Amino acid sequence: MAVKNIMIVGVGGQGTLLTSRIFGGITLNAGYDVKLSEVHGMAQRGGSVVTFVRYGDNVYEPIVEEGQADLIIAFERLEALRHAHFLKKDGVIVINDQRIDPITVVTGAAEYPENIIEQLRQEHKVISFDAMAEAKKLGNTKVFNTIIIGVAASKMDFSKDDWLNVIENTVPSKTVDINKKAFEIGYNIGVKES
Amino acid sequence: MTDKKIMLGNEAIARGAYEAGVKVSAAYPGTPSTEISENIAKYKEIYSEWSPNEKVAAEVAAGASISGVRAMVSMKHVGLNVASDPLYTISYCGVNRGLVFVVADDPGLYSSQNEQDTRCIARAANVPVLEPSNSEEAKEFMKFAFDLSEKYDTPIILRTTTRLAHSQGLVELGERKELDDKEYERRPDKFVMMPNMAKKRHVFVEQRMKKMAEDACDFEINKAEYNDKSIGIITSGIPYQYVKETLPNASVLKLGLVHPLPKKLIEEFASKVDKLYIVEELEPVIEEQVKSWGIDAVGKEIFTLQGEYSANLLRKAILKQDLNIEEQKSVPARPPILCPGCPHRSVYTVLKKLGIHAAGDIGCYTLGAVAPLNVVDTTICMGASISSLHGMEKAKGKDYIRNWVAVIGDSTFMHTGVNSLINMVYNKSVGTVIILDNSTTAMTGHQDHAATGKTLMGEDTYMINIYALCKAIGIENVYEVDAFNIGEVENIVKREVQRDAVSVIITKAPCVLLKGNVFKYKCRENSEKCKKCGACLKPGCPAITKKCDGTIVIDDTMCNGCGLCMELCKFDAIEKVEV
C-alpha cells in the first residue's frame, strides 16, 4: 500500500501524544510499516505541537511535508488553520472546534482569526465538532481526545472493532469503558458528516 | 504474529543497551535524550541513575567500564560540553569493558540554546561516532557500538538527533547478551593519564583511529547501494530517509560510522557516480574531509547549515523542483508559555512589578524572557545565571546590580549552579539569587534529582536540603518562601537586593504538572464585578481570555486554581471555588 500521511496538530498539553500511541497501535496491528514523529520538551509547554503518522508498505522519512497529508486531525481551530497547507488536494481535515488563545492574542499583539472553519471549508473537506462539549455530556472532559480519535477513525480504513481493541490496550484499565463510549460518540459524528 | 514493537528512537537505544548487556547507565536529563534513561530504568538488570550533571555521569560510566562492565552515559548535545573533560581523556585511556556516550543533537532547536554538531567534538576528541537512521538501527548500532568499543579500546559516541530520538518505528526485539564481568587489572599506563603515560596513549589513539578508518570500509553499517549512477549521494542518519524519499533510484553511500570516515570506500563510490552530493544536517563534517581528499562533491553550496532537512528541501536543492505548495495561512504565532498555575509566573509577576532584571538559566523559567513577562535578560547555559550575575557585579559594582537577580531552577542549581554560588561566596560577591524550587526537573518531563528524595530507579534516598546547602557554603541570608505568596516574595526581594552580601531566596511550590499534585480549587470570574482593568491578564496565564466586552473568562478545564489572578484583582471579581 502506498504510504498514508496523517498529522495530529494541537496545543501542547492537549494530550496529542496519547492519540499518536493509538495510531501507532492500529497501524502496527494491521501489519504495516509505520513511523511516528512527535514533539517533546520546551515546545510542549502550551506551544503549537505536531505529530506525524506515516504508514504503508515501506516508510522512509518520519515526517509529513507540505501538500502531502491525507488526513489532519486538529485539536484546536487556529492550529487547523496553521497547518492546512499540509493537506493534499483531496485530503480531509477533522477539527475539534475549540479556541485556545495563544499568548500573542492574550497580550493583544495579534488577533484570533474569525470564521476559521468557514474559510477552510472553501478549500478543503472539513469535519468540525465540539469534542469538549460532547465529553462534558459524558461527564469526563479528559476523554475529549478519544472523541476526536473516533471522528478521525471514521475517515480511515480500519474496522471499528480494531480501533476499540487498540483503545482497550492503550488507555489505563480503569478508563477503558468511558474511552470506548467516547470513541463511539466521535465515530458516529464522523459517519454522519460523510 | 510479529515480534516487532513500535519504539521511540530513545526507547530503542535503551533496548539496545539492554541487549548489549549494559550494567551501568548514568545521565542528566536533556531534551531530546531524556527518555533513554527513563526506558533503561525499566530494565532491572541495569543500574541506572540521574547524576547531577553530564560530567559526573560520564565519569560514573567511565569508572564502571574500567571496573569491567559495559557502561553508558546519555545526554543532549550541550551536555557533551559539560562532559567534554572526561571525554577527551577517556579517549586516551580507552576501556576495559565497552563504554558508549549517547549524544542527542537538536537541529532545528526544538528545545535547546544552540545547534552545535557533536561530530565536531568527536573529531577533536578522537572518538568514533555511529549514527543510526531509524529506531531499529538505533538498537542494533548500540550493540555494535559496544563491540567496537572493546575491539578498538575506545569510547564510542552514538549520535542521534531530535527527529530520530522522538520518532517511533518498528523494532525487532532480541535477547540480552549476558556477559561475565571482565577482570580488573591495574594498568597505570592506560588509566593514569600523567604526561608520560598520556604521550604514549596519544600515539595509540592516532593508530586506533587510522586502523578503524581502514577497517570501516568493510563494516556492514557502511553500505553502498548502487542504482542509477548519474547521481550519487553520501549521507547518514535521518537525512538518509529524506534521500530515499526524494531519490529512490539514486546510488547512495549510507554511512553508519561517520567518524572516522572509510576513505577507500568513499573514493570507490565517488569514482563510480557521475555527480556526487553530500547530504548531512548541521556542519559539513563529512563534506570537508571528502573534499580535502580531492574528490569533487556538492554539499553546503546548496544545502543549509541550519535546522532540519526534509525531502522537500532535497527536491528543491537537488532536483530544482518547483513544488507549488500552498502557502501557510497568516496566523498568530503560538510560542511555548508557562502552564496555567505555574509557580514561576507568580515569582516573575513580582519581579516585573519591581522592575528587576533577571540573569536567567536553562529550564521552563527561561520562558520568562518573552512577553508578557519580559523579566529574564540572559540565558547562556546550565548554571550561568549565578556566575554571570557575579561577573556583572565585579564589572560594574554592587550598586549596578541592585535591580538584578539571578534566577535558577532547583535541578539546574544542583547541576552546576552550586559551583557558581560557591564562587560568589569565595570572591566576596554582592547579589541576590532566586532558586525557583519546583521539586523536579520540569522542562524535560519531571525527572528526579539530588534534592527530590527519589532516584531514577524509584528508590527513596536522602533529599539534599538546598536551604542547608546554601547555609553550609557560608551564606547567612537564605530564605524559603511560598512562590504563590506574592506579598512575601515582594518584601523579601525588595529587602535583599539592597543587602551588601550574597542572598539566596528559595521560592517553593511544586511544578503544577508534577504527578501527585492535587488541585482543590479552580478560579472563577465574576463578570458583574469585573472592571475590565486587565490586571489579571498581565502575567499571561493561558486559562484567562478577554471577552469582546472587555471582561474576562477563565477556562475551567485549564485553570489549576493557583490564585495568582485572584491576588492581582482589586475588585474581588475572581473567586476560588472547590473542585
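Residues numbered from 1 in each chain as written. Chains lettered and ligands numbered in written order. Predicted model: local features only at pLDDT ≥ 70, side-chain atom pairs only at ≥ 80, totals over all residues. Heavy atoms only, no water.

Visitor: Mind showing me how you'd approach the overall build of chain A here?
Guide: From N to C terminus, chain A includes 8 helices and 6 strands. Ordering the α and β elements of chain A from the N terminus gives β-α-β-β-β-α-β-α-α-β-α-α-α-α. For chain A, whose C-alpha radius of gyration is 16 Å, the value lies close to the compact-globule estimate of 16 Å for 194 residues. Taking the principal axes of the C-alpha coordinates as reference, chain A spans close to 50 × 40 × 35 Å. (Helix = DSSP H or I, 4+ residues; strand = E, 2+ residues; numbered from the N terminus. Rg over C-alpha atoms; globule rule 2.2 N^0.38 Å.)

Visitor: It is not clear to me how the overall build of chain B should be interpreted in this structure. Could you clarify?
Guide: In terms of regular secondary structure, chain B is built from 20 helices and 23 strands. Here the C-alpha radius of gyration of chain B, 27 Å, is about what a compact globule of 579 residues would show, namely 25 Å. Dimensions of chain B along its principal axes, counting C-alpha atoms only, are 80 × 65 × 55 Å. Looking at chain B as a whole, 60% of its 579 residues qualify as buried. Total accessible area on chain B stands at roughly 23400 Å², and carbon and sulfur atoms take up 51% of it. (Buried < 20%, exposed > 50% of the residue type's maximum accessible area, 1.4 Å probe, protein only. Areas by Shrake-Rupley, 256 points an atom, 1.4 Å probe, with all protein chains shown as cover.)

Visitor: What exactly am I supposed to notice about the interface of chain B and chain A here?
Guide: When the parts of a complex come together, some accessible area is lost, and that lost area is often used as the size of the interface. Residue-level contacts link 54 residues of chain B with 52 residues of chain A. At the boundary of chain B with chain A, total buried surface from both sides reaches about 4500 Å², with 60% on carbon and sulfur atoms. Taken together, the connections running from chain B to chain A amount to 5 salt bridges. The closest approach of N and O atoms between B:Arg334 and A:Glu76, which form a salt bridge, is 3.0 Å. On inspection of chain B and its partner chain A, the count reaches 19 residue pairs in polar contact (both at pLDDT 80 or more). Of all the secondary structure elements, the ones that give two or more residues to the side of chain B that touches chain A are strand 1 (4–8), strand 8 (167–172), helix 11 (237–246), helix 14 (311–317) and strand 21 (544–546) of chain B. The leading source of residues in the side of chain B that touches chain A is helix 11 of chain B, at 5 residues. (Contact = heavy atoms within 4.5 Å. Buried area = accessible area lost by both parts, 1.4 Å probe. Salt bridge = Lys/Arg side-chain N within 4 Å of Asp/Glu carboxyl O. Polar contact = N/O pair within 3.5 Å; in protein donor to acceptor, adjacent residues only side chain to side chain.)

Visitor: Where do I start with the state of the cysteines in this structure?
Guide: Residue and element names in this part refer to chain B. Scanning the model with the defined rule gives 0 disulfides over all chains in all. The thiol of cysteine 364 is unpaired, and the distance to the nearest cysteine sulfur, on cysteine 511, comes to 6.4 Å. With no disulfide of its own, cysteine 536 lies closest to cysteine 565 among cysteine sulfurs, the gap being 6.4 Å. Take cysteine 536: its relative accessible area is 9%, and that puts it in the buried class. (Disulfide = S-S within 2.5 Å.)

Visitor: What's the story with the sheet that holds strand 8 of chain B in this structure? I'm lost.
Guide: To summarise the sheet geometry, strands pair through backbone hydrogen bonds and adopt either a parallel or an antiparallel arrangement. An order of 6(A)-5(A)-4(A)-1(A)-3(A)-2(A)-8(B)-1(B) is seen for the 8 strands of this open sheet, with the pairing classed as mixed. The sheet is open, and its two borders are formed by strand 6 (125–129) of chain A together with strand 1 of chain B, each paired with just one other strand. The mean angle between the axes of side-by-side strands here comes to 20°, regardless of whether they run parallel or antiparallel. In this fold helix 1 (residues 16–29) of chain A packs onto strand 1 (4–11), strand 2 (33–37), strand 3 (48–56) and strand 4 (69–74) of chain A together with strand 1 and strand 8 of chain B, with an angle of close to 165° to the strand it touches most, strand 1 of chain A. Lying over the sheet, helix 7 (residues 135–152) of chain B contacts strand 1 and strand 8 of chain B, oriented at roughly 60° with respect to strand 8 of chain B. (Pairing = 2+ DSSP bridges. Axes fitted to C-alpha atoms, helices over the stretch in contact; angles between N-to-C directions.)

Visitor: What am I meant to see in the packing of aromatic side chains here?
Guide: The relation between two aromatic rings is expressed through the spacing of the ring centres and the mutual angle of the planes. According to the stated counting rule, one finds 12 aromatic pairs over all chains in the structure shown. Their ring planes at 35° and their centres at 5.7 Å tell us that A:Phe183 and A:Tyr187 sit as a pair that is tilted. Residue A:Phe183 and its partner A:Tyr187 are both found in helix 8 (residues 176–192); the two are separated by 4 residues, about one turn of the helix. There is no split in this pair, since A:Phe183 and A:Tyr187 are both buried. On the basis of an interplanar angle of 15° and a centroid distance of 4.3 Å, the ring pair of B:Tyr18 and B:Tyr43 is categorised as stacked. Taken together, the residues B:Tyr18 in helix 1 (residues 9–19) and B:Tyr43 in the loop between helix 2 (34–40) and strand 3 (47–50) connect sequence positions 25 residues apart. Of the two residues examined, B:Tyr18 and B:Tyr43, each falls in the buried class. Linked through ring pairs, A:Phe23, A:Tyr32, A:Tyr55, A:Phe158, A:Trp163, A:Phe183 and A:Tyr187 together constitute an aromatic cluster. Between the NZ or CZ atom of B:Arg201 and the centre of the ring of B:Phe204, over which it lies, the distance is 4.2 Å. Sitting above the plane of the B:Tyr240 ring, B:Lys254 keeps its charged end 5.2 Å from the centroid. (Phe/Tyr/Trp six-rings, centres within 6.5 Å; stacked < 30°, edge-to-face > 60°. Lys NZ or Arg CZ within 6 Å of the ring centre and 35° of its normal.)

Visitor: Whenever I open this one, unusual backbone geometry confuses me. Can you help?
Guide: Apart from glycine, the bulk of residues carry a negative phi angle, and the bulk of peptide bonds sit in the trans form. All names here are of chain B. Following histidine 259, the chain continues into proline 260 via a peptide bond in cis, with omega recorded as -5°. Along the chain, the position of proline 260 falls in the loop between strand 12 (257–259) and helix 12 (263–272). Note the cis peptide between alanine 371 and proline 372, where omega equals 5°. Looking at the secondary structure, you find proline 372 in the loop between strand 14 (357–359) and strand 15 (376–378). For leucine 109, which is not glycine, the phi dihedral falls at a positive 50°.

Visitor: I would appreciate a short explanation of the sheet that holds strand 7 (residues 156–161) of chain B in the present structure.
Guide: Residues and elements named next belong to chain B. Across the sheet, which stays open at both edges, the 7 strands sit in the order 3-2-4-5-7-6-12 with mixed pairing between neighbours. Here the strands that pair on one side only, and so sit at the sheet edges, are strand 3 and strand 12. Bridge analysis of strand 6 (residues 129–130) against strand 12 gives 2 bridges, and the strand direction is antiparallel. Each bridged residue has a counterpart across the sheet, and for leucine 130 the counterpart in strand 12 is leucine 257.

Visitor: Got a minute to help me understand helix 18 (residues 466–473) of chain B in this structure?
Guide: One full turn of an α-helix is made of 3.6 residues, so residues set three or four places apart face in the same direction. Residue and element names in this part refer to chain B. Along helix 18, the residues classified as buried are Ile466, Cys470 and Ile473. The arc that holds the buried residues of helix 18, viewed along the axis, is 60°, so those residues lie on one side. The inward-facing, buried residues of helix 18 abut helix 17 (410–426), strand 17 (431–437), strand 18 (477–482) and strand 19 (502–508). Residue asparagine 465 occupies the N-cap position of helix 18, its side-chain oxygen lying 2.9 Å from the main-chain nitrogen of tyrosine 467. Positive backbone phi, at 115°, marks glycine 474, one or two positions downstream of helix 18. (Arc of directions from axis to C-beta.)

Visitor: What am I meant to see in the pattern of salt bridges here?
Guide: A pair can form between side chains of opposite charge whenever their charged atoms are brought close. Residues and elements named next belong to chain B. Taken as a whole and judged by the stated rule, the model has 52 salt bridges over all chains. Where arginine 159 meets aspartate 117, a salt bridge forms, and the shortest distance between an N and an O atom there is 3.5 Å. Here aspartate 117 lies in the loop between strand 5 (99–105) and helix 6 (118–125) and arginine 159 lies in strand 7, a separation of 42 residues in the sequence. Arginine 159 gets classed as buried once you look at its relative accessible area, which sits at 2%. Taking the shortest distance from any N to any O, the salt bridge between aspartate 500 and lysine 398 comes out at 3.3 Å.

Visitor: It is not clear to me how the packing of helix 5 (residues 131–138) of chain A against helix 6 (residues 144–153) of chain A should be interpreted in this structure. Could you clarify?
Guide: When two helices pack together, their arrangement is captured by the angle between the axes and the distance separating the axes. Residue and element names in this part refer to chain A. Where helix 5 meets helix 6, the closest approach of the two axes is 8 Å, and the angle between their N-to-C directions is 120°. The orientation of helix 5 relative to helix 6 falls into the category oblique. Between helix 5 and helix 6 lies a crossing of right-handed hand. Residues Ala131, Met132, Glu134 and Ala135 of helix 5 form the contact with helix 6, whose participating residues are Phe144, Ile147 and Ile148. (Parallel < 35°, antiparallel > 145°, perpendicular 65-115°, else oblique. Left-handed = near helix turned anticlockwise from the far one by under 90°.)

Visitor: For this particular structure, what's the right way to read the domain arrangement of chain B?
Guide: Domain boundaries in chain B define domain 1 (4–218), domain 2 (223–318), domain 3 (343–508) and domain 4 (521–578). Computed from C-alpha atoms alone, the centre-to-centre distance between domain 1 of chain B and domain 4 of chain B is 50 Å. (Domains from an automatic or database assignment.)

Visitor: Explanation requested: the nonpolar core in the structure shown.
Guide: If you look at soluble globular proteins, the nonpolar side chains tend to sit buried side by side. All names here are of chain B. Tyr348, Phe413 and Leu421 are the most contacted members of the largest nonpolar core, which totals 57 residues. Among all residues touching leucine 421, those that are not within four sequence positions of it are Ile386, Phe413, Val433, Cys470, Ile473, Ile475, Val502 and Val504. Of all hydrophobic cores here, the second largest spans 44 residues; its members include Val69, Ala71, Phe191 and Val258. (Core = buried A, V, L, I, M, F, W, Y, C linked by side-chain atoms within 4.5 Å.)

Visitor: Would you mind going over the confidence of the model for chain A with me for this structure?
Guide: Summing up the model confidence of chain A, the mean pLDDT is 93 and the portion of residues at 70 or higher is 98%. Per-element averaging of pLDDT across chain A places helix 1 of chain A at the bottom with 87 and strand 4 of chain A at the top with 97. (pLDDT = per-residue confidence, 0-100.)

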